Every structure is written in structure tokens, then in C-alpha cells.
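Observations on the three-dimensional arrangement
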Amino acid sequence: MNALLSVAFVLCWSSGFIGAKLGAGTSTVTTLLMWRFLPLALVLVAAAPLSRAAWRGLGPRDLGRQTAIGALSQSGYLLSVYHAIQLGVSTGTTALIDGVQPLVAGALAGPLLRQHVSRRQWAGLWLGLVGVATVTSADAAASGSDVAWWVYLVPFLGMLSLVAATLLEGRSRVPVAPRAALTIHCVTSAVIFSTLAVGRGAAVPPASFSFWAATAWLVVLPTFGGYGLYWLILRRRGVTEVNTLMFLMAPVTALWGALMFGEPFGVRTALGLVAGVAAVAVVRCGAGTPRSARPIRRRPGRPAGRAAIGAGDGGAARNGRRTSAGSSGAASARSVLRQ
């Protein structure tokens, strides 16, 4: 049962890139994104009164920060990714560039968030960039003169937008409930995409079946399917299992795109994807067990409860960031909607 859930989660997550390809030829990017997020935002707003506890303690500053995070992590990211795919970048290449984001964010966390960046993290970053360069060059060679060189910079802009959102989230000191954050982000995206579509005279959706099929694909599979399965697997097997499955998104998307759209998938593409997965493995293998998660030896005669509380507070102070499963889950769950 767990294996089936894992397979379904990987497929639903990867389907976001495939859905972008499906919708690329049916309408403009802003039209597709407007009608993806507008109904979703309305549903989340209507359901907000049912979870009032999630909104308690949120002030204007917190709402403003979450709005900025949503504009970067969803609006800026998706505009870049969808434009790149519409301009001819393969889904596998786009997914791999997206997959480098945690490595880039981890490296930049050192100078910007004053967190320690190990040599293993830097090695993983450079290995990941080598993988991206290999797959991008293979994609460009297969496309020939049909795709301009600068088009491959577009998904990098989306990845950097996602990195900026990650760093902004990392500087937040107030934990935000996942449901509240998702609602704010989706409403922000719906407003931005609707404004862009109306400004360009592209708000009216086409009546074609292919457009609504692509829109339904994007809403059902990567949004509700990916989001729902994320929380189910998180509850059953933990955050580490979910994050490990996310490393499979780039190769699965590349294979899916090759089978469904005839996108190039040669030896260089395979080598680049292997380098990308190996880069994440290098970083993960070097990540030791957090101190706060290690067993605590209680001194003789010292109450157990006091020892546990003291160690937990000390671990939180040393880490300098939220380490609970709920906080980690919120960041990963929000990224489901970015696809």
C-alpha cells in the first residue's frame, strides 16, 4: 500500500510539468494560470471560516510577508516555468532546473541567513549544476535552431524566484499554518494572473476541450492529488520519506515527456539526470541527525520531564529555525501548488 501511495505521489507531482505542456498550445500562459488559480482561490476562501484556528495570531506584517512569498513562489515561478515550456524547453529540463532549487537555497542560506554551509553542500550544488548544464545542452542540441539559447535562462529565473521565496520564508519568525499560507498564496496568484490576463485582453477562456482538459489536469492532479497524497504520506511515513520521493520528479518527468510528447531523452540527458539525483544524494548523506533529535541521557536523580524540556529548548535555540514536521510540511506542501 505504501509503495502504491509513493508511486501515485511522484506521478501527481510530476504531472504539473506535463500539464503545463498540455496547456501550452491551447491559450496564453496568463489565461491558463488565471483559470487554474481563480477557482482554487475561491474554494480556499470559502473554506477559510471552517479553520479559524489557522488564522489566529496573523497580523498585517505576517499577511504581507506571506503575500510576498506567494508572489515569488507561485506567480513568479509559474510564469517562468510555463513560458519556458511554451517557448520549447522540454519538461524534463525544466523539472531538473527546478530540482536544483533546494541546493541553491541551501548554499545561499550561509551568507544570507547566517547558517553553516558544509563542503558537502557546496559539492552537491556544483554537481547539480553540472547535471543541469548537461541536460540543457542535450535539449538545446536536439532542438537545433528551433529554440533560442536565451529561452533556457527563463526557467532559471523561475528557480531563482523560488529561492528568493525560500529565503524569505526562512527569515520568518512566526509559524503560519499550512492551510492559511496556501490560501494566501493562491489568492495572491489568482489576483496577479487575473490582472495580467485582463490587462492583455486574455481573460476570456477558450471554449476548446483541450484547454479545459489541461486546466482540470492541473487542478486535480498536481494540486489536489499531490497535496492530498503529500499529507497522507507525511502522516504515515514522515517528512524524510516525502522529501526523498521528491528527488525522483526530474527523471520521471523527463521519461514522461519523452513518451508523451516525443521530447529528447538520450545518453547525455540520462547522465545529466543521474548527476542531478547524485547531487541531492551527496547533500543528504552528509546531513547528520539533528542534535535535538538524538536520544538524551538523563543524569541520575534528575527528573525525566525536566531533561526533555531543557534539551528540546536548547536544540531549538541552536538550530535557529523551526524544525517541527508541521513547519517542514508547510513548505513542501505549498510547493505542490507551484507546479
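Scope of this entry: the structure provided in the associated data block. (Residues numbered from 1 in each chain as written. Predicted model: local features only at pLDDT ≥ 70, side-chain atom pairs only at ≥ 80, totals over all residues. Heavy atoms only, no water.)

Re the packing of helix H2 (residues 29–47) against helix H8 (residues 178–199)
- Orientation of H2 relative to H8, taken along the N-to-C sense of each, is 140°, at an axis distance of 8 Å. Once H2 is placed against H8, the crossing between them reads as left-handed. Counting all contacts with H2, which are made through Thr-30, Leu-33, Met-34, Phe-37, Leu-38, Leu-40, Ala-41, Leu-44 and Val-45, the residues of H8 involved are Leu-182, Thr-183, Cys-186, Val-187, Ser-189, Ala-190, Phe-193, Ser-194, Leu-196 and Ala-197. (Axes fitted to C-alpha atoms, helices over the stretch in contact; angles between N-to-C directions. Helix = DSSP H or I, 4+ residues; strand = E, 2+ residues; numbered from the N terminus. Left-handed = near helix turned anticlockwise from the far one by under 90°. Contact = heavy atoms within 4.5 Å.)

Regarding the pattern of salt bridges
- A complete count under the given rule lists one salt bridge for this structure.
- For Lys-21, the salt bridge goes to Glu-263, with nearest N and O atoms at 3.5 Å. Note that Lys-21 is positioned in helix H1 (residues 2–24) and Glu-263 in the loop between helix H11 (249–261) and helix H12 (267–285), a separation of 242 residues in sequence.
- Residue Lys-21 is classed as partly exposed on the basis of its relative accessible area of 23%. (Salt bridge = Lys/Arg side-chain N within 4 Å of Asp/Glu carboxyl O. Buried < 20%, exposed > 50% of the residue type's maximum accessible area, 1.4 Å probe, protein only.)

Some remarks on helix H4 (residues 91–99)
- Counting buried residues in H4 gives eight out of nine residues, a clear majority hidden from the surface.
- Residues of H4 that are buried: Thr-91, Gly-92, Thr-93, Thr-94, Ala-95, Leu-96, Ile-97 and Asp-98.

A closer look at the nonpolar core
- Grouped together as the largest cluster of nonpolar side chains are 38 residues, with contacts concentrated most on Leu-33, Phe-37, Leu-78, Tyr-82 and Phe-193.
- With residues up to four places along the chain from it excluded, the contact list for Phe-193 reads Thr-30, Leu-33, Met-34, Phe-37, Gln-74, Ser-75, Leu-78 and Leu-79. (Core = buried A, V, L, I, M, F, W, Y, C linked by side-chain atoms within 4.5 Å.)

With respect to the packing of aromatic side chains
- For the coordinates displayed, the defined rule picks out five aromatic pairs.
- Here the aromatic rings of Phe-37 and Phe-193 are separated by 5.7 Å at their centres, their planes lie at 40°, and the arrangement is tilted. Here Phe-37 is found in helix H2, whereas its partner Phe-193 is found in helix H8, with 156 residues between them in sequence.
- Classification of Phe-193 by relative accessible area gives buried; the value is 0%.
- Ring centres of Phe-211 and Trp-212 lie 5.0 Å apart, and the angle between their planes is 80°; on these two criteria the pair is classed as edge-to-face.
- Accessibility expressed as a relative area gives 0% for Phe-211, which makes it buried. (Phe/Tyr/Trp six-rings, centres within 6.5 Å; stacked < 30°, edge-to-face > 60°.)

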